[in-house]
Amino acid sequence: MSTLQKVMQTVVRYVPDRVIQYVGGVDPAIEQHYVGEPLPRVDGQVKVTGEATFAAEHKVDGLACARLVCSTIAKGRIAAIDTSEAQRAPGVIGVVTHENNPRMARPPLLEVQHLDRGLAGSDLPVMQDAEVHWDGEPVAVVVAETLEQAEHAASLVRVRYDAERPQASFDELKAQAEVPPDVLGQDSEVKTGDAEKALSEAAVSVDNVYRTPRQSHNAIEPHATIAAWDDDGALTVFESTQFVSGYQHVLATMFDLAPERVRVICPFAGGAFGGKWAIWNHTPLCAAAAKLVGRPVKLVLSREDVFRVVGGRTLSEQRVAVGANEDGRFIALIHTGTTATTTHARYPEQFSFTPRHLWPADNMAISQRVVNLDTVANTWMRAPGEWMATFALESAIDELAHELKIDPIELRRINEPEKDPTTGADFSSRNLVEAYARGAERFGWSQRNPRPRSQRDGKWLIGQGVATAYYPALRFPGAARVRVSSDGSALVQVAANEMGMGTATAQIQHAADRLGFPIDKVSFEYGDSTLPSGQFSAGASSQTASVAAAVEAAVEKLHKKLVKLTHDEDELTRADDRSATYASILERAGRDALEAEDSSGIAIEILKYSMASYGAQFCELRVHEDTGEVQVTRWLGSFDCGRIINPRTAASQFRGGIVMGIGAALTEETVFDERRGRIMNPSLAEYHVPVHLDVPHIDVIYTDIPDQHSPLGARGVGEIPMTGSAAAIANAVFNATGKRIRDLPITLDKLL
Ligand code: MOS
């Protein structure tokens, strides 16, 4: 039985009574006014005027401030912790250590089938004993009247450790890497034919190792929590998160509370990128501190704390070998490799998923291995798996194109599959060839000289590169509530999340069209775990379609309730402006409002089809002959993500992902001391994210072809723009210089 069939069997048992069939986008019976329009963000004004309230800005009476004290060893135990001086410091209210911390249950890791239970970055007990598991693990929380007092007192906490030598060297341990039992519920190894044999017999082949470094989360807004307990022992948390209901469930588990006794509120998050999907230590510790001191407590991580307490992207070492016939057809594809994780995260990072679904070969060997190190838990970071996989795979294909003397876009066209290369499933919608063709036309690809070092401007060597973007389409089930009022307004309520991408805007566009209401009559309430939820999170590029499916279900149910009230179904569909019609029905029925709540079903379509977004990344750059400096000078992203709900907010996500991709390819690297297991560059002065001068104008186009199997015809747009970006840059660097860099980031020392 295939993995797909196994998953289907498990899921079928959970299928609710109703599975939505998508006929492609908005119901044809409903006029489409807003979906597809470049509407400005509904919350744009409150954001630019500073009125939008972020986690640390909520006003809570009697608020105390907390600071963390973090371990400076990577393994061992606390021999003694002396807080007496800190306790006597001005303004100090209390100090939490493992000796007085309230008991908390271990947090859960992700279970693929139970995303609604939420997830933690690590499943270690949080400050419950003297053991130390990573450099940066919180060992104390100091609570004081002001932040400055807490910070000062934190510097007075004295910790003595019994240190052990940590297992922190990937290079030393990678030979002992093991195949994990599964990767996010999928088999860790996929094999067809005899890939090594086919490779050795191929007319032309490449076989190389690619390395990607650790990266750390650096959203503009650092992680922050305000926790307050009420007199009945219920917990309210203001948090910067991508997953209000997930955090609610994890906190309920840890503090042994019924979920409805925990409320998590997050109207805005200042960026998250996966770093605020799992819950990290600071959140339960803030709640524990609030419990201990009997006051609401605010805990904002410093930039350095984010590096130490919150995980980032793990490193990878990947072998990619591709063998082809003389005509360019792939006959062998090997994509294997190793990543690092920890025993307390068990997250191998799914780089082996991309090669399963992108390019076909009769003989394939795909697998991944993992080593456990004593570090902060690695975690989700924009396009986890796919970012590192597309660097290796799409670099290798460029190398093969060079060997074959075939244009790299033509080589991909020759190998475009009819069906999913490993599952054999039909594609729900795949227009990659078109995305390449349109991109090539607009970028002027035909003018590129394939010969390396053939273009220069004085000391600057100029090159162009291209690579494929790929990210799976996912959809998770959950509930939505819709209420219409006799004043002709509608309110949609979902425990959805906003981290900067425009959640409320896209959902109001959809709800207005779905209801047939003018857009200014529709409001959207989200970011609060008391609202209808399920498995909705701003994660895995899944939220827009997931929430839309639930809203569709709720509106259908509301519609049925209205039919019962009016006994005249035609009345509901006749009018241009249903807002007035609904108001009149409610008025005649003597009702102020009518509401309906319903859930979307399990996403059977993502199990039945090979469902993903695609794209072609085009990069032009120049490399200075003497200094090795790389400047990206021109970029075009040509995407195929189904229907685009809002061209303005989508383009912003595409550009943001490409900016992050430029940083990941050229500058970002978490420098890790393998002897001590300590991150050595925990600041934006030493961990370089792109600034304005690093980023050229980014041109973005898209096919806008609706996916018949996705709500609204839309697949996600949040993560795909980062994929393929590093390979496009590495391929352009090769075209400019003739140097093939297989080790990110592409810093000048590697080019000299
Ligand atoms: Mo994403 S890495 O699921 O925010």
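Please refer to the structure higher up on the page.
Keep in mind it's a predicted model, so treat the numbers as computed, not measured.

Calculation criteria
Residues numbered from 1 in each chain as written. Predicted model: local features only at pLDDT ≥ 70, side-chain atom pairs only at ≥ 80, totals over all residues. Heavy atoms only, no water. Helix = DSSP H or I, 4+ residues; strand = E, 2+ residues; numbered from the N terminus. Rg over C-alpha atoms; globule rule 2.2 N^0.38 Å. Contact = heavy atoms within 4.5 Å. Areas by Shrake-Rupley, 256 points an atom, 1.4 Å probe, with all protein chains shown as cover. Lys, Arg positive; Asp, Glu negative; His and termini not counted. Charge placed at Lys NZ, Arg CZ, Asp CG, Glu CD. Core = buried A, V, L, I, M, F, W, Y, C linked by side-chain atoms within 4.5 Å. Buried < 20%, exposed > 50% of the residue type's maximum accessible area, 1.4 Å probe, protein only. Pairing = 2+ DSSP bridges. Axes fitted to C-alpha atoms, helices over the stretch in contact; angles between N-to-C directions.

(A) How the structure looks around the overall build of the chain. Counting secondary structure elements, the chain contains 21 helices and 27 strands. On C-alpha atoms alone, the chain measures out to a radius of gyration of 26 Å, which is about the 27 Å that the 2.2 N^0.38 rule sets for 752 residues. With the principal axes as the frame, the chain shows a C-alpha extent of 75 × 75 × 55 Å. In the chain, of all internal contacts separated by at least 6 residues, the share reaching a separation of at least 24 is 82%. Only carbon and sulfur atoms are counted for the fraction: they give 48% of the accessible area of the chain, which is about 28,300 Å². Here the chain contributes 75 positively and 99 negatively charged side chains, and the mean placements of these two sets differ by 2 Å.

(B) Inspection of the nonpolar core at higher detail. Residues Phe618 and Ile729 are the most contacted members of the largest nonpolar core, which totals 143 residues. Ranked by residue count, the leading element in this core is helix H11 (residues 386-404), at 11 residues. Not counting the four nearest positions on each side in its chain, Ile729 is found in contact with Cys619, Leu621, Val632, Trp635, Gly661, Ile662, Ala665, Leu666 and Ile746. Within the second largest apolar cluster, 33 residues are counted, among which are Ile508, Val522, Val547 and Ile585.

(C) Quick look at the sheet that holds strand E23 (residues 612-624). Spatial strand order, E17-E18-E23-E24-E27: five strands in an open sheet with mixed pairing. At either end of the open sheet lies a strand with only one pairing partner, and these are strand E17 (456-457) and strand E27 (698-702). Here E23 pairs with strand E24 (residues 630-640) via 10 bridges, running antiparallel. Pairing of Phe618 across the sheet is with Leu636, part of E24. On top of the sheet, helix H19 (residues 647-666) reaches E23, E24 and E27; it is set at about 135° to E24, its chief contact. On top of the sheet, helix H20 (residues 725-737) reaches strand E18 (460-472), E23 and E24; it is set at about 155° to E18, its chief contact.

(D) Structural context of the sheet that holds strand E20 (residues 490-493). Strand order across the open sheet formed by four strands is E21-E20-E19-E22, with mixed pairing between neighbours. Strands with a single pairing partner mark the edges of an open sheet, and in this sheet they are strand E21 (522-525) and strand E22 (593-599). Neighbour-to-neighbour, the strand axes of this sheet turn through a mean angle of 15°, independent of strand direction. Where strand E19 (residues 479-485) meets E22, seven bridges bridge the pair, whose relative direction is antiparallel. The residue bridging Ala479 from the neighbouring strand is Ser599, located in E22.

(E) Fine view of the side chain of Asn431. For Asn431, the position within the fold is in the loop between helix H12 (408-414) and helix H13 (432-443). Asn431 gets classed as buried once you look at its relative accessible area, which sits at 18%. Setting aside chain neighbours within four positions, we find Asn431 in contact with Asp640, Thr703 and Ile705.

The analysis is restricted to geometry; functional conclusions fall outside its scope.
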